[in-house]
Structure formats: C-alpha cells, structure tokens
Amino acid sequence: MISAHTHFLVLGAGISGRSVAAVLAAEGTRVTLNDVKTIDETRQEYRELADMGVSIVSGRQDSSLLSGVDTVVVSPGITIHLPLLDEARSRGITVMSEIEVAYRLCRAPIIAITGTNGKTTTTTLVGEMIKASGRPTVVGGNIGLALSQEVRGVDAKGMVVAEISSFQLEGVISFRPHIAAVLNLTPDHLDRHGGMEGYQLAKERIFAHQTADDYVILNYDDAAVRAMAGRAASRILYFSLTAEPDEGAFLQDGSLCLKRQGAVEPICPVADLKLLGRHNVENALAACCAAMLAGVPAGVMAAVLRSFAGVEHRIEPVAVIHGIPYYNDSKATNPESSVKALEAFAGHLILIAGGRDKNTDLSEFMTLAKERVDHLILIGEAAKRFGVAATQHGVTAIHRAGSLAEAVNLARRLARPPQAVLLSPACASYDMFNNYEERGRVFKELVHQLA
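These figures come from a predicted structure and were not determined experimentally.

Draft legend 1. Geometry of the packing of helix α5 (residues 119-132) against helix α12 (residues 298-307). Packing of α5 against α12 leaves a shortest axis separation of 9 Å and a crossing angle of 130 degrees. Put simply, α5 runs oblique to α12. Between α5 and α12 lies a crossing of right-handed hand. The residues of α12 that touch α5, namely those facing L125, E128, M129 and A132, are V300, M301, V304 and L305.

Draft legend 2. Region of the structure containing the packing of α5 against helix α11 (residues 278-293). Running from amino to carboxyl end, α5 crosses α11 at an angle of 40 degrees, the nearest separation of the two axes being 9 Å. One finds that α5 runs oblique with respect to α11. Seen along the crossing, α5 lies across α11 with a hand that is right-handed. Side by side, α5 and α11 meet where T121, T122, L125, V126 and M129 of the first sit next to N280, N283, A284, A286, A287, C288, A290 and A291 of the second.

Draft legend 3. Structural context of helix α13 (residues 335-343). α13 sits mainly inside the fold: eight of its nine residues count as buried. Along α13, the positions that sit buried rather than exposed are P335, E336, S337, S338, V339, K340, A341 and L342. The inward-facing, buried residues of α13 contact α11, β17 (349-353), α14 (363-372), β18 (373-378) and β20 (420-423).

Draft legend 4. Here's a closer look at the pattern of salt bridges. Applying the stated criterion across every chain yields a total of 17 salt bridges. In this structure, E45 engages R43 in a salt bridge whose closest nitrogen and oxygen atoms are separated by 2.3 Å. When its relative accessible area of 24% is taken as the criterion, E45 is described as partly exposed. For the salt bridge of R176 with D214, the shortest nitrogen-to-oxygen distance reads 2.7 Å. Taken as a pair, R176 in the loop between α7 (166-170) and β9 (179-182) and D214 in the loop between α9 (196-204) and β10 (215-219) lie far apart in primary sequence, 38 residues in all.

Draft legend 5. Structural detail: the nonpolar core. L24, V160, I164, F175 and I206 are the most contacted members of the largest nonpolar core, which has 50 residues in total. Considering each element in turn, this core owes the most residues, six residues, to helix α1 (residues 15-26). Setting aside anything within four residues of it in sequence, one finds I164 in contact with I99, A112, I113, T114, K119, L147, L169, F175, K203 and I206.

Draft legend 6. Region of interest: the layout of surface pockets. Computed from the structure, the second largest pocket encloses a volume of approximately 430 Å³. Breaking the lining of the second largest pocket down by element, the ones donating at least two residues are α11, α13 and α14. Here the lining of the second largest pocket takes five residues from α13, the largest share from any one element. A breakdown of the residues in the lining of the second largest pocket according to their chemical character gives five nonpolar, five polar and nine charged.

Draft legend 7. The arrangement of the side chain of N280 in detail. Tracing the chain through its elements places N280 in helix α11. On the basis of relative accessible area, N280 is assigned to the buried category, the value being 6%. Within the structure, N280 has its side chain in polar contact with the backbone oxygen of L276 (distance 2.6 Å). Not counting residues up to four positions away in its chain, the partners in contact with N280 are T121 and L275.

Draft legend 8. Geometry of the sheet that holds strand β15 (residues 316-321). Read from one edge to the other, the open sheet built from six strands follows the order β15-β16-β20-β17-β18-β19, with strand pairing classed as mixed. Among the strands making up the open sheet, the edge pair consists of β15 and β19 (398-400). Across the sheet, the axes of successive neighbouring strands diverge by a mean angle of 20 degrees, strand direction being ignored. Summarising the sheet, strand β16 (residues 324-328) and β20 pair through three bridges and their orientation is parallel.

Draft legend 9. Up close: the sheet that holds strand β8 (residues 159-163). Read from one edge to the other, the open sheet built from nine strands follows the order β7-β8-β6-β9-β10-β11-β12-β13-β14, with strand pairing classed as mixed. Two strands close off the open sheet at either side, each with one partner strand: β7 (137-141) and β14 (263-269). The mean inter-strand angle of the sheet, taken between neighbouring strand axes irrespective of direction, is 20 degrees. Sheet topology note: the β9/β10 ladder contains four bridges and is parallel. Each bridged residue has a counterpart across the sheet, and for I179 the counterpart in β10 is Y215.

Each value, and the rule that gives it
- Residues numbered from 1 in each chain as written.
- Predicted model: local features only at pLDDT ≥ 70, side-chain atom pairs only at ≥ 80, totals over all residues.
- Heavy atoms only, no water.
- Axes fitted to C-alpha atoms, helices over the stretch in contact; angles between N-to-C directions.
- Helix = DSSP H or I, 4+ residues; strand = E, 2+ residues; numbered from the N terminus.
- Parallel < 35°, antiparallel > 145°, perpendicular 65-115°, else oblique.
- Left-handed = near helix turned anticlockwise from the far one by under 90°.
- Contact = heavy atoms within 4.5 Å.
- Buried < 20%, exposed > 50% of the residue type's maximum accessible area, 1.4 Å probe, protein only.
- Salt bridge = Lys/Arg side-chain N within 4 Å of Asp/Glu carboxyl O.
- Core = buried A, V, L, I, M, F, W, Y, C linked by side-chain atoms within 4.5 Å.
- 1 Å grid on protein atoms, 1.4 Å probe; cavity = no way out; pocket = protein on both sides within 12 Å on 5 of 7 lines; lining within 4 Å.
- Points joined across faces, edges and corners; volume = space filled by probe spheres on them.
- Nonpolar A, V, L, I, M, F, W, Y, C, P; charged D, E, K, R; others polar.
- Polar contact = N/O pair within 3.5 Å; in protein donor to acceptor, adjacent residues only side chain to side chain.
- Pairing = 2+ DSSP bridges.

These values are about where atoms sit, not about what they do.
This is the structure:
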C-alpha cells in the first residue's frame, strides 16, 4: 500500500520517472521529480505533472533534495549505489525502484520474467496467451509503459505480466510475483553490477520474497539458472530443450509439451512456430510454463504460438529488396543475443554490428560469424575491437562504416541472393542513438528507402 502522507522523491525524469510521479500524485502523495539534467518545464508532459501537484527540480542532484522526504524512487537508469542514495539510507529514508511502487499498488497476481535475453518475446507471448484465454491482462515493466502505470488498470480478477530487468530488481524491497521466470544468465551490465556475481544476485531478487505458495520457472539447460532452485523457497518448474523435467515444459518428438503432476500434454509442433531460432523455442517453452500456471488451456497456447510472429527489433523481417531479405535485430545489445540471431540462419549473412561496446567476450560471436557471415560491416565505438576480434577468429570480409546509413547502403551493394542482411549489433546503442528502439526504427527507415 502507498500512504497518502508520504513525501516521495523520484530520481530520473524519463518515461519511468514521469510515470511513477504521476501515479504517486494520483494516489494523493506529495511528489518531487528530479533530474540531474536541466528540464524544459514548458513541455507538455512536465506541465501536466505540475498541474497534478508534482514539484520539479532539475539541473542538480544534491542532498538538499532529501529534506522532508520519506521515500526515494529510483528510475532504472540510475544506480542504487549513487552517493545521494547512500546518504538517504543513512538518514533512514527508504529507497526503492519503480517496480516496488507498482507491486505495492497492484491488486492482481503478477507474472515476472527476467533473464539476459528473451525477456521481451517471452513476456509478450505470455501476455498474448492469457489475453486469448479471456482473462483481463496488462503487460508492462521493461516493455511498453511503466509497470506502476499499467497495474492500475486491472483488478484482482486480472493478471499482470511484467518484463523485469536487473536494473529494476536492484531496488525492490518486498516485490513478490506469484509466478517468476529466469530465462538465462550470461554476462551483461557487469559495469553496473560490479561483476557476474552482482549481476546474478540482482536477477535472483525476482524470487527472493516468494514462498511455497508461489512458482519460479527456471531454464534447466542453463547451469547457473538451474542452480538457483537451491536458493528459491517457491515451487520449481523447468523448461528444457534437452531433458524432460518432473514439472514444466520440454520437447518430445518435435513438439512442445507440458508436464504437470505426471501428465504430459502436447501443445504444438516446433515446425508450427513462426518465430525463428532455437532460442525462441526456449522462449516458447518458458511462456507455456507460465501460461499453464495461469490456467490457460493448451489449445489457446497453441493458437497463439502459431500466429505470433515476434516482437519489434528482435529478428524482425523488414523487407525483401531484389531478392535480399533484411532483418532488424537491434534489440541484440550483447554478443550472446547476437549469437542467438546468427544461429537462427543457416548462413550467407551480411551482418551489421557494433555500437557502444560492453567489453564482453567476443569468442563465440566471432567463431559463429566466421561460419555464417559472408560480410561483416562494423559501426560505432566498438568497431575497432570487433574488427580485431573478427580477424583473430578468421573472419576475412570485414568492412567499416561511419554511420548506420552508410552501413545499410554498403550492405545493399554487397548482397547477392541467397544472402540476407541482418542488423544484430551485439552492442548498446548509446554512442549513436538514444536507445535500441531508435536504432531499429532508423534501420527500418533506411531499408524502406532502399525499396
């Protein structure tokens, strides 16, 4: 619950911060919205907040902001180790994430999904399956609108499906989803979390407050994720491409199957999926586990799986130009995600990669690139390191481009059937774009201009 007598300080005036500030103001609380950057308060979104009674302070972020504050809400882009937050805690001020606010306002059961890769696809699939079963459902978190905004639109008869990032999990206090899922765990955001151990601990907070009345779905084929079962108080279900779990989802004779209380129920053949790639079979299995626990019939799951073509920016078909298909995989912001994209194709790729380098290991990525990429076009800050790694792993046709537009035009000149052009950066976007969504949209616009 949220007390109307609480004074909230919301740090970060992006989409998440603005959303939670509006929600808290609507709950009758006192709200101050702060951003270290100077805000143009004449913009409509800030005028609307001011009309709701939200105080806006920008251009500074110092300890004076803490005066009279009871709770600080941290946007995902702000680390919980910020000195200002350390001071807040030393003063006895509660520090929490926007996800924690959403949980305290939510009246419906929550399905929360995390992992390094596959979160958006799996979350969207689960949401579509539950909606198709006729149950009121909202989807939010690290996808779409802020979760604190979304949960207000559903009551106890509905369901909330949330994609949750490690950044969002850092600041949870009592967050307890009824159903949690951890899809996989590979190195990512290590600078933020201080290494792999910190990253894993952040992910495990998704089930930290669950009890034996709750469920956690784990990837049996990922050793680090499988081992989380020993630290969870909730009931365990597994999904696997290689084994048949006691409870969960698996493959049998080329079909997705569910197993619960000893009974096996087929869902649909893998061949019926529109989604490309082995990793999307994993995502589908995880989604079926969550949908099963939410009471969705197998036939409804199968119908959604047969019609679901994927999410924007994840191996998204853009166009076919002169016999060459173009795919937007801008959401691949780390090498592991790009590896999954490369595995979805038999070969003959013109690959556009690069951006803001996360300095993660490139061995698997470049080994697979040597096998499946005919031409590698590198862009952004990571281009030099990626080029060295590609050469070391035997990739020979390496090109550099000064912009995404230059890369797309070069790909057009190079590509010949049966090749395909794939944007799968294996990097963050912040050197050239505001986010991966903008990068993906620009890529699609460039491709359509070619057409």
